[in-house]
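One letter stands for each residue in the lines below.
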Amino acid sequence: MGIVQICKGEYFWLEPKNAFENFQEPDIGLIALAFLQGSFAYGGWNFLNYVTEELVDPYKNLPRAIFISIPLVTFVYVFANVAYVTAMSPQELLASNAVAVTFGEKLLGVMAWIMPISVALSTFGGVNGSLFTSSRLFFAGAREGHLPSVLAMIHVKRCTPIPALLFTCISTLLMLVTSDMYTLINYVGFINYLFYGVTIAGQIVLRWKKPDIPRPIKINLLFPIIYLLFWAFLLIFSLWSEPVVCGTGLAIMLTGVPVYFLGVYWQHKPKCFNNFIESLTLVSQKMCVAVYPEMDAGSRTKETNEDTEEQRQPIYQPTASKDKEQPQP
């Protein structure tokens, strides 16, 4: 439809003199905030990293998937927006609650119902990808001992992390207490980029401090350095533009600190606390029909030292019981 509109001469807002016209006073903070909200649409580039254990030949397929998906998604999103501005002015874009639906109403006539259905399917696709990957994040954290051990269990037949999926569902519902979608995007976007930057900075530090460790996937350091520069611009000016929203996001993130000290750092817990965790774990295990996954003996390398083994221990290790004697997948 965008191509048809351009061929018909409907490209007024694509001309440079109109496309870059300022409708409000330029502000560096608002520009950073626009980048933060716009980048949410491209936020899936790193999600595949969470499920590398379930990939076939991840060292080859992980970079390949990222290299293919980022240009493809960029192409689709940019040209979708080009199509929108052939039928709508920037003011109409800002005023619309669902730009694609408004676009369909303007150009598709009686077939306008296709757009809301397409938007719904796209939304469900995004939710499906988020559920698939985010639950594995909690699963891996529990396996490393940073979250309750029940989250490291999988279903006895389907081998899916049911407790981690349910935990993802509950945490998602808690995020919906706010009805302002843009505020929620700012919360999530700010915290996501904060952790992205810390992770990539860690990559640079490891490349400097441990240059000889195995790196199956290795890139030039120029790319993470460029990313960190953009990251610093994004976070600093977003915080300056929306200090309350970004500060609230930081406060939500810091709620994990007492949970860490209570569950991980505090080693000598009272017996009543352990009994409560044991009962909660057993009830959750029976409700979800879940057990600990069987570990492949050959998957642990000889270089794994005692400190690493200690970190792998869950927050609570239940005593032997009938529930643990059932066959594992």
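Rules and cut-offs
- Residues numbered from 1 in each chain as written.
- Predicted model: local features only at pLDDT ≥ 70, side-chain atom pairs only at ≥ 80, totals over all residues.
- Heavy atoms only, no water.
- pLDDT = per-residue confidence, 0-100.
- Helix = DSSP H or I, 4+ residues; strand = E, 2+ residues; numbered from the N terminus.
- Contact = heavy atoms within 4.5 Å.
- Phe/Tyr/Trp six-rings, centres within 6.5 Å; stacked < 30°, edge-to-face > 60°.
- Buried < 20%, exposed > 50% of the residue type's maximum accessible area, 1.4 Å probe, protein only.
- Axes fitted to C-alpha atoms, helices over the stretch in contact; angles between N-to-C directions.
- Parallel < 35°, antiparallel > 145°, perpendicular 65-115°, else oblique.
- Left-handed = near helix turned anticlockwise from the far one by under 90°.
- Nonpolar A, V, L, I, M, F, W, Y, C, P; charged D, E, K, R; others polar.
- Salt bridge = Lys/Arg side-chain N within 4 Å of Asp/Glu carboxyl O.
- Expected span 1.5 Å × (residues − 1).
- Arc of directions from axis to C-beta.

> Sorry, what's going on with the confidence of the model for the protein chain here?
Predicted confidence across the protein chain gives a mean pLDDT of 80, with 89% of residues reaching 70 or more. Across the protein chain, helix 1 (residues 2-7) holds the top mean pLDDT of 89, while helix 14 (residues 306-311) sits lowest at 43. In the predicted structure, residues 297-329 sits below a pLDDT of 50 and forms 46 contacts with residues beyond four places in sequence or in another chain.

> What exactly am I supposed to notice about the packing of aromatic side chains here?
We describe a pair of aromatic rings using the distance from one ring centre to the other and the angle between the two ring planes. In total, this model carries 13 aromatic pairs according to the counting rule given. Judged by centre distance (6.3 Å) and plane angle (80°), the rings of F237 and W240 are edge-to-face. Here F237 pairs with W240, and both are found in helix 10 (residues 222-241), just 3 residues apart, close to one helical turn. Look at W266 and F273: their rings are 5.9 Å apart centre to centre, the planes differ by 50°, and that puts the pair in the tilted class. Judged by its relative accessible area of 33%, W266 falls in the partly exposed class. These aromatic residues form a ring-pair network of at least three members: F35, F230, F233, F237 and W240.

> Honestly, the packing of helix 4 (residues 58-87) against helix 6 (residues 99-107) in this entry has me stumped. Any pointers?
The description of two packed helices rests on the angle between their axes and on the distance between the axes. Contact geometry for helix 4 and helix 6: axes closest at 10 Å, N-to-C directions at 50°. Taken together, helix 4 and helix 6 sit at an angle that is classed as oblique. The two elements helix 4 and helix 6 meet at a crossing, and its hand is left-handed. In this structure, helix 4 contributes A83, Y84, T86 and A87 to the contact, and helix 6 contributes V99, A100, F103, K106 and L107. Of the residues belonging to the contact of helix 4 with helix 6, the class tally is 7 nonpolar, 1 polar and 1 charged.

> In this structure, what is going on with the environment of S134? I would like to understand it.
Position of S134 relative to the elements: it lies in helix 7 (residues 114-143). On the accessibility criterion, S134 (18% relative accessible area) is buried. Remark: the alpha-carbon pair of S134 and F47, spanning 87 residues in sequence, is separated by 7.9 Å. When neighbours within four sequence positions are excluded, S134 is seen to be in contact with F47 and T168.

> What is the right way to look at the pattern of salt bridges in this model?
Two side chains of opposite charge can pair, provided their charged atoms sit close to one another. Scanning the entire structure with this criterion turns up 4 salt bridges. Put simply, E54 and R136 hold a salt bridge, and the shortest N to O gap is 2.7 Å. Note that E54 is positioned in the loop between helix 3 (28-38) and helix 4 and R136 in helix 7, a separation of 82 residues in sequence. With a closest N to O distance of 3.9 Å, D57 and K60 form a salt bridge.

> Just to check I follow, could you spell out helix 13 (residues 271-288) for this structure?
Residues three or four positions apart in an α-helix share a direction because the helix packs 3.6 residues into each turn. The end-to-end C-alpha distance of helix 13, which contains 18 residues, comes to 26 Å, matching closely the 26 Å that a straight helix rising 1.5 Å per residue would cover. Of all the residues in helix 13, the buried ones are I277, T281, S284, Q285 and C288. For helix 13, the arc enclosing every buried residue in end-on projection is 100°, short of the 170-degree limit, so these residues lie on one face. For helix 13, exposure combined with an orientation more than 90 degrees from the buried face picks out K271, C272, F276, K286 and M287. Those residues of helix 13 hidden inside the fold are in contact with strand 1 (154-155), helix 8 (162-175) and strand 2 (290-291). Immediately beyond the C-terminal end of helix 13, within one or two residues, lies V289, with a positive phi of roughly 50°.

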